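# Residue-level structure breakdown
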Amino acid sequence: MLIPFRKLLLLLIASALIIGPGALIGGAQDCMYNEAPMLAEMVAAGDLPGVCDRLPDNPLVVASGVYLPESIIVPEVGQYGGELLMTWQNNVAMKETLFNTLNRDDNTIAPNIIEEFIISDDASEYTFKLRAGHKWSDGAPVTTEDVRFAYEDVLSNAELRPSVPTYLKSGNLPDGAPATLTIVDDTTFKFSFDGAYPGFAASLVSLGTGYLDIIKPAHFLAQFHSGYGDADEIAAMVEEGGLESWVEVFNAKDVSGWCENCPQAIGFPQLGPWVRVEGPEEEVVTSRNPYYFAVDADGNQLPYLDGRRAVINQWGIMETAELMMFAGDVHYFWTTSLANLPLFIENEENGNYTTHVYPNKDSRMFHLNLTFADETWREVTWDARFRNAVMLAFDSEELINAIYYGQASLPTIAPSDYDVDGANALLDEMGMTERDADGYRLSPSGAPFSIMIEVGAGGGDYSDPAPFFVDYLGDIGVKADFRNIDSALLGERRASNEMQAGINWNTAPLFAAHTFPDYIPNNNWGPLWGQWYADNSTGEEPPDWIKDLYAVHEDLISHPPGSDGFIAASAARDAWLYDNVPFFTHIEQPGIVHMWSNCLANVPDGPFHHGSWSSHRLIYFTDAC
């Protein structure tokens, strides 16, 4: 059962709160579990231990109410077999997490890789228990040595990581003291902080946090680490690869939470339902993890599918990917762009699929880089009247209908009024009354001013609004243009403070305050301020009005999610964002398209976030196909 975080804290008693595991379906001795035929064949051939020797002592039971609420889906017990063909990006699985959440709601937590946890009464110490008998995908035991290695030898190693992640520091603050790790026994470990940190558990269930920060396969990675591996062998790897040090060797072998199916994941021991295996260069092929720790309600080891194959990188060739779905050549396709929604629906019968449009929890924002190194730029963009004028100039309702086919919501985190006259009045008030020969406004000091919007080529609804924004800004006399550039270069330009404006996602109005706070300065709208806040030594110290936002943020993350203090602090944050408009959330909760073959079962009917269901643990092929 998933338990709201607020309720958990209310249940804290004098000593601690213990969240226990789910019910055990069958003991290891009588082996009431079942396995896929392909694995049973390997067992019979002596190539693999039996299912009860592969599962942990107490597997996770994935039944109704796990991952998604019953209002969205009540999953059926499925059947084994088949390979899912799909068009998708290279990372064909969201991250396996330490805890489960309900449809990516950080205020709900339940066991997953972590079977139990205890919160001390002052919320400064967290005790975690791994599942006894849990194994990596290569059959090696999962133990607290994997936790110790990850924290002490990787995250705390200055050569490998510049610093411990902020969420592992006291209070989730950049200058907080790093957690102290204590290993209790083979399955139990503790993280202790020098003060109360009520949001730590929530930080471990967010979208941005997979298990691979906290648990790494020490038995595999140690051979590439300077503290454990053979020095001569590592030196040979450095020379052979034309590398500079052991650090590059290690990082080439390590896998991050966003890359569980990237090329370097081939041969890397994992805990998720799928492991990447060798396949054609242009494809991403994954096979079921024979040691996956979860079973369904009848004790069948998950996943049901034998494997998955991403036959094309859809982001590179979107039109080809769509045509493959229309022809019935693949079973699954998703996209954030609604531009071709009528065409998707029109081809359902030909492709034998059904189109589902779910509200994506990631909203969209237009952003100005407020730390762009230009005096005239800052003179204009740092004036709150200019930012409010830009927001008033955006016709969000038109965008929703023209780009999203009505499958999005008006902004709540920023003013949603469309008022060109009001916008012009604000610009006049701030002194942008003089115009150049083409009729565009000059800055208050009389200098030319313009905005260049940079978007990724083929970026769907991340790039489609750009020409609209150019027109909206032109309607209030602000000169603007846009250009498409390579997505990799786009990220580099954001990080290096070279970009003036762009379009990206944010989590409004569902900001994950404790671990994914994209409402504070970041590479989108304030990279130099973000750098300053992270280490107080690089970047640029922000003005007082931005420091006020940091103060609001720090108050917010001092409260447990769902508590009265958290709710009040969230309201204060939202009010600050609404008044100051540091970025422009032009639409919220846009539709995201998932096309599922009619051959598949356990497909969600209701609105789900793709991070909750895209690992396809419970998807299976019906007898009809």
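These numbers come from a predicted model, not from an experiment. (Residues numbered from 1 in each chain as written. Predicted model: local features only at pLDDT ≥ 70, side-chain atom pairs only at ≥ 80, totals over all residues. Heavy atoms only, no water.)

## Here's the deal with the overall build of the protein chain
When helices and strands are counted, the protein chain shows 21 helices and 24 strands. Its C-alpha atoms give the protein chain a radius of gyration of 26 Å, within 12% of the compact-globule value 25 Å for 625 residues. Across its three principal axes, the protein chain shows a C-alpha extent of roughly 85 × 60 × 55 Å. When contacts within the protein chain are restricted to residue pairs at least 6 apart in sequence, those whose partners lie at least 24 apart make up 70%. (Helix = DSSP H or I, 4+ residues; strand = E, 2+ residues; numbered from the N terminus. Rg over C-alpha atoms; globule rule 2.2 N^0.38 Å. Contact = heavy atoms within 4.5 Å.)

## A word on the sheet that holds strand E11 (residues 274-277)
One open sheet accounts for seven strands, arranged E11-E12-E14-E4-E15-E22-E16; its pairing is mixed. The sheet is open, and its two edges are formed by E11 and strand E16 (353-359), each paired on a single side. Taken over all neighbouring pairs, the strand axes of this sheet differ in orientation by 25 degrees on average, direction set aside. One ladder, built from seven bridges, connects E16 with strand E22 (residues 591-597); its direction is antiparallel. Counterpart to Pro359 in the pairing with E22 is Gly591. (Pairing = 2+ DSSP bridges. Axes fitted to C-alpha atoms, helices over the stretch in contact; angles between N-to-C directions.)

## Re the state of the cysteines
Here the structure, examined in full by the defined rule, presents two disulfides. Bridging Cys31 to Cys52, the disulfide has an S-S length of 2.0 Å. Judged by the sign of its S-S torsion, about 100 degrees, the cystine formed by Cys31 and Cys52 is right-handed. Pair noted here: Cys31 is in the loop between strand E2 (16-19) and helix H2 (37-44) and Cys52 is in helix H3 (residues 51-54), with a separation of 21 residues, a long-range link. The partly exposed category is assigned to Cys31, whose relative accessible area is 33%. (Disulfide = S-S within 2.5 Å. Buried < 20%, exposed > 50% of the residue type's maximum accessible area, 1.4 Å probe, protein only.)

## Focus: the pairing of strand E7 (residues 114-120)
The buried fraction of E7 amounts to five of the seven residues, a majority that puts the element mostly inside the structure. Judged from the five bridges that link them, E7 and strand E8 (residues 125-130) form a sheet pairing that is antiparallel. Residue pairing across strands places Ile119 opposite Tyr126, the latter belonging to E8. Between the antiparallel neighbours E7 and E8 lie four residues, among them Ala123 with a positive phi of about 60 degrees.

## Let's talk about helix H4 (residues 144-155)
With 12 residues, H4 should reach 16 Å at 1.5 Å per residue; the first-to-last C-alpha distance of 15 Å fits that figure. Counting buried positions along H4 yields 10 of 12 residues, so the element is predominantly enclosed. Buried residues of H4: Thr144, Asp146, Val147, Arg148, Phe149, Ala150, Tyr151, Asp153, Val154 and Leu155, and no others. (Expected span 1.5 Å × (residues − 1).)

## A short note on the sheet that holds strand E19 (residues 479-485)
Overall, mixed pairing links the five strands, which are arranged E19-E18-E20-E17-E21 in an open sheet. A strand with exactly one partner marks an edge of an open sheet, and here the two such strands are E19 and strand E21 (584-587). Neighbour to neighbour, the strand axes of the sheet diverge by 35 degrees on average, direction disregarded. Pairing of strand E17 (residues 363-368) with strand E20 (residues 501-506), which is carried by six bridges, proceeds in the antiparallel orientation. Its bridge partner being in E20, Met365 is matched across the sheet by Asn504. Across the sheet, helix H16 (residues 466-475) touches E17, strand E18 (450-456), E19, E20 and E21, and the angle it forms with E19 is around 170 degrees.

## What about the confidence of the model for the protein chain?
Confidence along the protein chain averages 89 in pLDDT terms, with 91% of residues attaining 70 or more. Here residues 1-29 is modelled with pLDDT under 50, and outside its nearest four sequence neighbours on either side it reaches 79 contacts, counting other chains as well. (pLDDT = per-residue confidence, 0-100.)

## Topic: the nonpolar core
Within the largest apolar cluster, 88 residues are counted, with the highest numbers of intra-cluster contacts made by Phe128, Phe191, Phe200, Ile214 and Ile215. Take this core: its biggest share by element is five residues, from H4. When residues no more than four places from it in sequence are discounted, the contact partners of Phe200 are Tyr126, Phe128, Tyr167, Leu168, Phe191 and Phe193. Counting residues in hydrophobic clusters, the runner-up holds 76 residues, among them Ala321, Ala408, Ala508 and Trp532. (Core = buried A, V, L, I, M, F, W, Y, C linked by side-chain atoms within 4.5 Å.)

## A word on the environment of Asp579
Position of Asp579 among the secondary structure elements: in helix H20 (residues 564-580). In sequence terms Asp579 and Arg385 are 194 residues apart; their C-alpha atoms lie 10.0 Å from each other.

## Focus on the pattern of salt bridges
Under the definition given, this model contains 21 salt bridges. The closest approach of N and O atoms between Arg441 and Asp428, which form a salt bridge, is 2.8 Å. Of this pair, Arg441 sits in the loop between helix H15 (420-429) and E18 while Asp428 sits in helix H15, placing them 13 residues apart in sequence. Arg441 sits in the buried class, given a relative accessible area of 2%. The class of Asp428 is partly exposed, set by a relative accessible area of 39%. If you follow the salt bridges from partner to partner, you end up with Glu145, Arg148, Glu152 and Asp153 in one network. (Salt bridge = Lys/Arg side-chain N within 4 Å of Asp/Glu carboxyl O.)

## A word on the pairing of E18
Most of E18 is tucked away, with five of its seven residues classed as buried. Note that E18 and E19 share seven bridges and pair parallel. Bridge pairing in E19 links Ile451 to Ala480.

## Description of the packing of aromatic side chains
All chains considered together, the criterion is met by 44 aromatic pairs. Ring centres of Phe366 and Phe394 lie 5.5 Å apart, and the angle between their planes is 75 degrees; on these two criteria the pair is classed as edge-to-face. Here Phe394 lies in the loop between helix H13 (384-393) and helix H14 (396-403) and Phe366 lies in strand E17, a separation of 28 residues in the sequence. For the residue pair Phe366 and Phe394, the accessibility class agrees, reading buried in each case. Centroid distance Trp525 to Phe583: 5.7 Å. Interplanar angle 55 degrees. Geometry classified as tilted. Within this pair, whereas Trp525 is found in the loop between E20 and helix H18 (527-535), its partner Phe583 is found in the loop between H20 and E21, the two being separated by 58 residues in sequence. Both residues of the pair, Trp525 and Phe583, count as buried. One aromatic cluster in this structure is built from Phe99, Phe117, Tyr126, Phe128, Tyr151, Phe189, Phe191, Phe193, Tyr197 and Phe200. Over the ring of Tyr519 we find Arg573, and its NZ or CZ is 5.0 Å from the ring centre. (Phe/Tyr/Trp six-rings, centres within 6.5 Å; stacked < 30°, edge-to-face > 60°. Lys NZ or Arg CZ within 6 Å of the ring centre and 35° of its normal.)

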